[in-house]
Amino acid sequence: LITAVYMAYDGYGAWALIGQQIAIFATKVSLVCLLSPFRPLMKLNWPEVREHMQFGRNVLGNSLVTYFTRSGDNWIVGKMLGATLVGFYSMAFMFARLPMQIVAGPLQFVMYAQLAKMKDNPAVIARIFLLMTRILAILIFPAMGLIAAAHVAVFTLLLSEKWLPAGTIYLLLAPACAAQAVIALRETIMFAMNRTDIQLRTSSEYAVIWIVSLLIFSTQGIEAAAITFSVVTLLYQWRYLSIMLPLIGVARRDYFSTYLIPLVATGLGIVAYIAISTFMPMAHWAASILAAVIAITAILGSALVQK
């Protein structure tokens, strides 16, 4: 953060973002080397190397597919709709993917270290998976739902009125990105069970479907591109879960029951926000605070009901 702010303030422009990435990973490498007891030795064990190479091949392939999927859509939107609209599109995605980066991402690292030890015990993995899914749904659905409901106030307050089109795009992306952030735990489960082949295959399928759909429907405008993302993402999650859930012995009904209370709380929160903001017009800062209070109330209420 210090590196990015300093470079931006000192006039480096977009290079501040590159400096930030270098600082992030330099710090990570330094801390890992300092804190980890592992040290490489001049010793080669081919059976273990082969196992790691097979695992790593699929993980690397999945990472490359994911990277090009998330970068390719910006290129397509920019080419077909212009630089201004791709700016709004990218900003909307940055907001929509925050729960994945802030909540689901770090949780995946922690879960993998624990679940890898239990890969031969799918019943325990299933129990942890359902619990973590429920917790993520409680945290993410109300927060993203209320930001979507209050997108005009939030985007105007945090950015400016010129970024309002990004708020509209966020509104269209929010359902799929919220589901993605919660379902992201599937990747951790597959890695822990050494089924990286499934993760690579499904990521590749999704990438092809998404990019082809975007090429077809983005000609109808930026809103059509955002709607296409949400539809393709939500529909494909159903296929992914139909592959993954049987591996850990979880029924679809049990899985989707973890969504029920958070979705109801989110819906009630959105209705409450719309009703209050309609009958009591308020400044953008007040509307943003109202949305935050309702979101927190929905999160706490959903948690208490399921305690």
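Residues numbered from 1 in each chain as written. Predicted model: local features only at pLDDT ≥ 70, side-chain atom pairs only at ≥ 80, totals over all residues. Heavy atoms only, no water.

Peer 1: Residue-level account of helix α12 (residues 252-279), with values.
Peer 2: Counted at 1.5 Å a residue, the expected span for α12 with its 28 residues is 40 Å, and the 40 Å between its end C-alpha atoms agrees. Roughly 30° is the biggest bend found in α12, and it falls at Leu-260, with proline Pro-262 one to four residues downstream. On its buried face, α12 is in contact with α6 (122-149), α7 (151-158), α8 (164-183), α11 (222-248) and α13 (284-305). (Helix = DSSP H or I, 4+ residues; strand = E, 2+ residues; numbered from the N terminus. Expected span 1.5 Å × (residues − 1). Bend = angle between axes of the 7 residues up to and from the residue. Contact = heavy atoms within 4.5 Å.)

Peer 1: Which residues make up the packing of aromatic side chains, and what are the values?
Peer 2: Enumeration according to the criterion identifies 14 aromatic pairs in this entry. Measuring from ring centre to ring centre gives 5.6 Å for Phe-88 and Trp-163, while their planes differ by 90°; the resulting arrangement is edge-to-face. Within this pair, whereas Phe-88 is found in helix α4 (residues 83-96), its partner Trp-163 is found in the loop between α7 and α8, the two being separated by 75 residues in sequence. We classify Phe-88 as buried; its relative accessible area is 14%. (Phe/Tyr/Trp six-rings, centres within 6.5 Å; stacked < 30°, edge-to-face > 60°. Buried < 20%, exposed > 50% of the residue type's maximum accessible area, 1.4 Å probe, protein only.)

Peer 1: Could you give an account of a nonpolar patch on the surface, with specific residues and numbers?
Peer 2: On the surface, Met-80, Val-208, Val-212, Leu-215, Ile-216 and Phe-217 cluster together into a nonpolar patch covering about 540 Å² of accessible area. Turning to its location among the elements, Val-208 is positioned in helix α10 (residues 196-217). A relative accessible area of 53% means that Val-208 is categorised as exposed. (Patch = residues over 30% accessible without salt bridge, like charges linked within 9 Å, V, L, I, M, F, W, Y side chains within 5 Å. Areas by Shrake-Rupley, 256 points an atom, 1.4 Å probe, with all protein chains shown as cover. Salt bridge = Lys/Arg side-chain N within 4 Å of Asp/Glu carboxyl O.)

Peer 1: Describe α7, and please don't skip the residues or the numbers.
Peer 2: Among all positions in α7, only His-151, Ala-153, Val-154, Phe-155 and Thr-156 are buried. Each element contacted by the buried residues of α7 is listed here: α4, α6, α8, α12 and α13.

Peer 1: Go over the layout of surface pockets, please, and point to the residues and values.
Peer 2: As a volume, the second largest pocket reaches approximately 270 Å³. Leu-98, Pro-99, Ile-102, Ala-143 and Ile-147 are, among the 13 residues lining the second largest pocket, the residues nearest its centre. At the level of elements, α5 (98-115), α6 and α7 are the ones that each hand at least two residues to the lining of the second largest pocket. At five residues, the largest contribution of residues to the lining of the second largest pocket is made by α6. Taken together, the residues that form the lining of the second largest pocket break down as 13 nonpolar, no polar and no charged. (1 Å grid on protein atoms, 1.4 Å probe; cavity = no way out; pocket = protein on both sides within 12 Å on 5 of 7 lines; lining within 4 Å. Points joined across faces, edges and corners; volume = space filled by probe spheres on them. Nonpolar A, V, L, I, M, F, W, Y, C, P; charged D, E, K, R; others polar.)

Peer 1: Can you tell me about the nonpolar core, naming the residues and giving the values?
Peer 2: Core analysis: the largest hydrophobic core is formed by 72 residues, its most contacted members being Tyr-170, Leu-173, Ile-189, Met-244, Ile-248 and Tyr-273. Each residue touching Ile-248, except ones within four places of it in the same chain, is listed here: Pro-122, Ile-125, Ala-126, Phe-129, Ile-189 and Met-193. (Core = buried A, V, L, I, M, F, W, Y, C linked by side-chain atoms within 4.5 Å.)

Peer 1: So what's going on with the pattern of salt bridges? Residues and values would help.
Peer 2: Across all of its chains, the model carries three salt bridges by this definition. The partner of Arg-195 in a salt bridge is Asp-197, with the nearest N and O atoms 3.1 Å apart. If you follow the salt bridges from partner to partner, you end up with Arg-201, Glu-205 and Arg-239 in one network.

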